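# What the coordinates show
Chain residues, written in single-letter form:
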Amino acid sequence: MAIDIKKDFINQREGRRRLYALARRLRRPTTYVQRQLATWALPRPTFRIPQSTGIATLAYDRIPEAAEVAVMAQTMVRTTFHDPTHKPTRKTFLLNRLDPALLSLDSPILRFALNPEILSAVSRYLGMVPILANIKVFLSEPSDTEPWSSQLFHCDAHDKAQVKAFVYCSDIGPENGPLTLIPAKESERIRARINYRYPKRIPDSVIDEAREERSPEVVTGPPGTVCLFDSSRCFHYGSRVSPGSTPRVVLMVQYLTPFAFTVPTDYRQGAPLGALADAQLSRVQRAVLAGE
Ligand SMILES: O=C(O)CCC(=O)C(=O)O
Ligand SMILES: [Fe+2]
């Protein structure tokens, strides 16, 4: 009997996914221990992503690189770099405008992604030093169509836990498609109530019925605002940009553990920017960038 990993384990309910996560760790115990020990080389975290919420929001002036990131991303959007791997779609949101040719170690984007304060909080939360799995500059345009795809509540299937860091690169108010998040513990209870199967998109009405009293967290803020959240444990959506409003521009940095379901067994191949790593980086930063 053939096993279809995606169908049998990844796109499944929580129990089966936990089993698969454990199996992936047991397969490479040395990597697991090494990456846990590597967290000791990082500075003490200056802020935390609490396990109970899986969310940390930082004011626009908290991380020095964030304001520079916003300027750089706006430039990329204005010069309308188009991702050549992007197939034409009817999608008006999460259009990647990151020009990889402009990514160097001293660019604000990589300095943000490898900022020791950020790495420290993310590593502490994930229990090990992660790998940098993805960086994108996302443009989301206003649209009057009904929310669909990631504009609807969902949990990302890549792993049982992960961290996405969003840096707001435009002013994001309620009309500009802010990230909208349900804290991790509450999301877990909702998944149980609705018998959730990853990574299904759920209509607002279903979530409204299943959720508790607190409203979802709507993350608004000026350019430079940073939101780190666990997109696997927290129900989330974004990019509902109202017609006539300013488009939303964000930087998205995805941190996964080497054990994530979508990372190849030789996880160095899952580190897309590994070639940029050099001796000017610390060992931990190299572990994040190149998986070393
Ligand atoms: O902010 C958005 O448009 C949703 C993003 C999302 O679902 C994700 O990055 O996982
Ligand atoms: Fe998502």
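One can find the structure itself at the top, above this paragraph.
Quick caveat: nothing in here was measured; it's all calculated off a predicted structure.

## With respect to the overall build of the protein
Across its full length, the protein holds nine helices and nine strands. Across its three principal directions, the C-alpha atoms of the protein cover 50 × 45 × 40 Å. Sorting the 292 residues of the protein into buried and exposed places 53% on the buried side. As presented, the protein carries roughly 13,700 Å² of accessible surface, and 54% of it is formed by carbon and sulfur atoms. Measuring between centres, the 39 positive side-chain charges of the protein sit 8 Å from its 29 negative side-chain charges.

## Looking at a nonpolar patch on the surface
A surface patch of nonpolar side chains, about 390 Å² in accessible area, is lined by Val33, Leu37 and Trp40. In this structure, Leu37 sits in helix α3 (residues 29–37).

## A word on the site of ligand 1
Around ligand 1 lies a shell formed by Leu94, Ser150, His154, Asp156, Lys164, Phe166, Leu179, His236, Gly238, Ser239 and Arg248. Measuring from an oxygen atom of ligand 1, one finds a side-chain N or O atom of His154 at 3.0 Å. At 3.1 Å, a side-chain N or O of His236 approaches an oxygen atom of ligand 1. Protein chains shield 96% of the accessible area of ligand 1, which is 290 Å² for the free molecule. Tallied by class, the residues present in the shell around ligand 1 amount to three nonpolar, five polar and three charged.

## Here's the deal with the sheet that holds strand β5 (residues 179–181)
Judged by pairing direction, the sheet is antiparallel, and its three strands sit side by side in the order β6-β5-β8 without closing on themselves. Strand pairing shows two members of the sheet lacking a second neighbour, β6 (217–219) and β8 (236–237), which therefore form its edges. Here three bridges tie β5 to β6, and the two strands are oriented antiparallel to one another. Residue Leu179 lies in a different strand from β6, and its bridge partner there is Val219.

## Points about the coordination of the iron ion (ligand 2)
Looking at the metal site, the iron ion (ligand 2) is ligated by His154 (NE2), Asp156 (OD) and His236 (NE2), spaced 2.1 to 2.3 Å from it. Between the donor residues of the iron ion (ligand 2), the gaps in sequence give the motif H-x1-D-x79-H.

## Considering the side chain of Thr257
Mapped onto the secondary structure, Thr257 falls in the loop between β9 (248–256) and α9 (283–290). You can call Thr257 buried: its relative accessible area is 1%. Among the polar contacts listed, one links the side chain of Thr257 to the side chain of Asp159, at a separation of 3.3 Å. Those residues within four positions of Thr257 in sequence are excluded, and the remaining contacts are Arg25, Leu126, Met128, Ile131, Asp159 and Val263.

## Things to note about the environment of Lys200
Looking at where Lys200 falls in the secondary structure, it is placed in the loop between α7 (184–194) and α8 (204–210). Residues Lys200 and Asp156 lie 44 residues apart in sequence; the distance between their C-alpha atoms is 8.8 Å.

## Considerations on the side chain of Ser231
Structurally, Ser231 is set in the loop between β7 (226–229) and β8. Taking the relative accessible area as the measure of exposure, Ser231 reaches 0% and is therefore buried. A polar contact is formed between the side chain of Ser231 and the side chain of Gln162, at a distance of 3.2 Å. Filtering out sequence-adjacent residues up to four positions away, Ser231 remains in contact with Cys155, Asp156, Gln162, Lys164 and His236.

## Quick notes on a positive patch on the surface
Positive charge collects at one region of the surface, where Lys7, Arg13, Arg16, Arg197 and Lys200 lie side by side. Assignment of secondary structure puts Arg16 in helix α2 (residues 14–27). According to the relative accessible area criterion, Arg16 is partly exposed, its value standing at 41%.

## Describing the packing of aromatic side chains
Considering all chains together, one arrives at eight aromatic pairs under this definition. Measuring from ring centre to ring centre gives 4.7 Å for Phe153 and Tyr237, while their planes differ by 75 degrees; the resulting arrangement is edge-to-face. Taken together, the positions of Phe153 in the loop between β3 (131–140) and β4 (163–168) and Tyr237 in strand β8 put the pair 84 residues apart, joining distant regions of the chain. A centroid spacing of 5.0 Å and a plane angle of 70 degrees characterise the contact between Tyr196 and Phe235, whose relative ring orientation is edge-to-face. Placement of Tyr196 in the loop between α7 and α8 and of Phe235 in the loop between β7 and β8 is noted, with a sequence separation of 39 residues between them. With respect to burial, Tyr196 and Phe235 carry one shared label: buried. The structure contains a cluster of three or more aromatic residues connected by ring pairs, namely Phe9, Tyr20 and Phe261.

Reading guide: rules and limits
- Residues numbered from 1 in each chain as written.
- Chains lettered and ligands numbered in written order.
- Predicted model: local features only at pLDDT ≥ 70, side-chain atom pairs only at ≥ 80, totals over all residues.
- Heavy atoms only, no water.
- Helix = DSSP H or I, 4+ residues; strand = E, 2+ residues; numbered from the N terminus.
- Buried < 20%, exposed > 50% of the residue type's maximum accessible area, 1.4 Å probe, protein only.
- Areas by Shrake-Rupley, 256 points an atom, 1.4 Å probe, with all protein chains shown as cover.
- Lys, Arg positive; Asp, Glu negative; His and termini not counted.
- Charge placed at Lys NZ, Arg CZ, Asp CG, Glu CD.
- Patch = residues over 30% accessible without salt bridge, like charges linked within 9 Å, V, L, I, M, F, W, Y side chains within 5 Å.
- Salt bridge = Lys/Arg side-chain N within 4 Å of Asp/Glu carboxyl O.
- Near = heavy atom within 4 Å.
- Polar contact = N/O pair within 3.5 Å; in protein donor to acceptor, adjacent residues only side chain to side chain.
- Nonpolar A, V, L, I, M, F, W, Y, C, P; charged D, E, K, R; others polar.
- Pairing = 2+ DSSP bridges.
- Donors = N, O, S within 2.8 Å, 3.2 Å for Na, K, Ca; no water.
- Contact = heavy atoms within 4.5 Å.
- Phe/Tyr/Trp six-rings, centres within 6.5 Å; stacked < 30°, edge-to-face > 60°.

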